[in-house]
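# Close look at the chain arrangement
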Amino acid sequence: AAPAPKAAPAPAPAPAPAPAKKAAKKTEPPAPERPVVKGVTKDGIAYTKDFDAKFLTAQRDLLLAEKADLLGQAVRLEDEAHQLIEEHEMGDVQFDDEGGEGDTMVVERERDLALSAQARQTVADIDEAIARLALGTYGYSVESWRPIPRERLEAIPWATVLVEEKVGGIGRR
């Protein structure tokens, strides 16, 4: 007699399907809240909980004084540059031991014009800061709406970002 055939082993139960992974929700940081204006001075300066009217008035005076100084500097530098042109013909360039690689007057003129342009750009930044005084956004970072420390504003009254925002990435300018 032939031995009885062995029964095939029972198939292993199929593994239970893995629970579906929940899609990870990407939570975006909440949108920064703009500062809330508490009041407006007779001069049109809007103050907030972080910056009182006295501080903002002092900052406006500082901004206006700095603007006047920079405009005077820009005009003086432009006048010097134009005077250099009038006194020396631009084509009259020296290439000797005393003249260096080119006319010193050309270098001075370019420097004066570059410094004048930089002063005028700062004046434009000051004008924007003065406009922010009326809107109630002066003293707040334009990136995060967090208050900029008073010490920074006293040193650079036209500052628009916190130091860590300026250092953390490429600045606006």
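The following refers to the structure shown.

Definitions and cut-offs
- Residues numbered from 1 in each chain as written.
- Predicted model: local features only at pLDDT ≥ 70, side-chain atom pairs only at ≥ 80, totals over all residues.
- Heavy atoms only, no water.
- Helix = DSSP H or I, 4+ residues; strand = E, 2+ residues; numbered from the N terminus.
- Contact = heavy atoms within 4.5 Å.
- Expected span 1.5 Å × (residues − 1).
- Polar contact = N/O pair within 3.5 Å; in protein donor to acceptor, adjacent residues only side chain to side chain.
- Buried < 20%, exposed > 50% of the residue type's maximum accessible area, 1.4 Å probe, protein only.
- Phe/Tyr/Trp six-rings, centres within 6.5 Å; stacked < 30°, edge-to-face > 60°.
- Lys NZ or Arg CZ within 6 Å of the ring centre and 35° of its normal.

What follows concerns the overall build of the protein. Looking only at helices and strands, one finds 4 helices and 2 strands in the protein. Seen in sequence order, the protein has helices and strands lined up from the N terminus as β-β-α-α-α-α. Taking as baseline every contact in the protein between residues at least 6 positions apart, the subset at least 24 positions apart corresponds to 56%.

A few words on helix 1 (residues 53-87). Helix length check: helix 1, at 35 residues, gives a terminal C-alpha distance of 51 Å against a target of 51 Å (1.5 Å per residue), a fit within 8%. Residues of helix 1 that are buried sit in contact with strand 2 (46-48), helix 2 (104-135) and helix 3 (150-155). Between the side-chain oxygen at the start of helix 1 and the backbone nitrogen of K54 there is a gap of 3.1 Å, and the oxygen is on D52.

Before going further, it helps to spend a moment on the environment of G72. Looking at where G72 falls in the secondary structure, it is placed in helix 1. A relative accessible area of 31% places G72 in the partly exposed class. For the pair G72 and A119, spaced 47 residues apart in sequence, the C-alpha to C-alpha distance is 9.3 Å.

For the structure shown, the criterion picks out 2 aromatic pairs. Centroid distance F51 to F55: 5.7 Å. Interplanar angle 25°. Geometry classified as stacked. With centroids separated by 5.3 Å and ring planes inclined at 85°, the aromatic side chains of F51 and Y140 adopt a geometry described as edge-to-face. Within this pair, whereas F51 is found in the loop between strand 2 and helix 1, its partner Y140 is found in the loop between helix 2 and helix 3, the two being separated by 89 residues in sequence. The residues F51 and Y140 share a single accessibility class, namely buried. An aromatic cluster is defined as three or more aromatic residues linked by ring pairs; in this entry it consists of F51, F55 and Y140. If you follow R150 out to its NZ or CZ, it ends over the ring of F55, 4.4 Å from the centre.

Secondary-structure assignment places D50 in the loop between strand 2 and helix 1. With sequence-adjacent residues up to four places away left out, D50 is seen in contact with Y140, P147 and R150. A polar side-chain atom of D50 sits 2.6 Å from a polar atom in the side chain of Y140.

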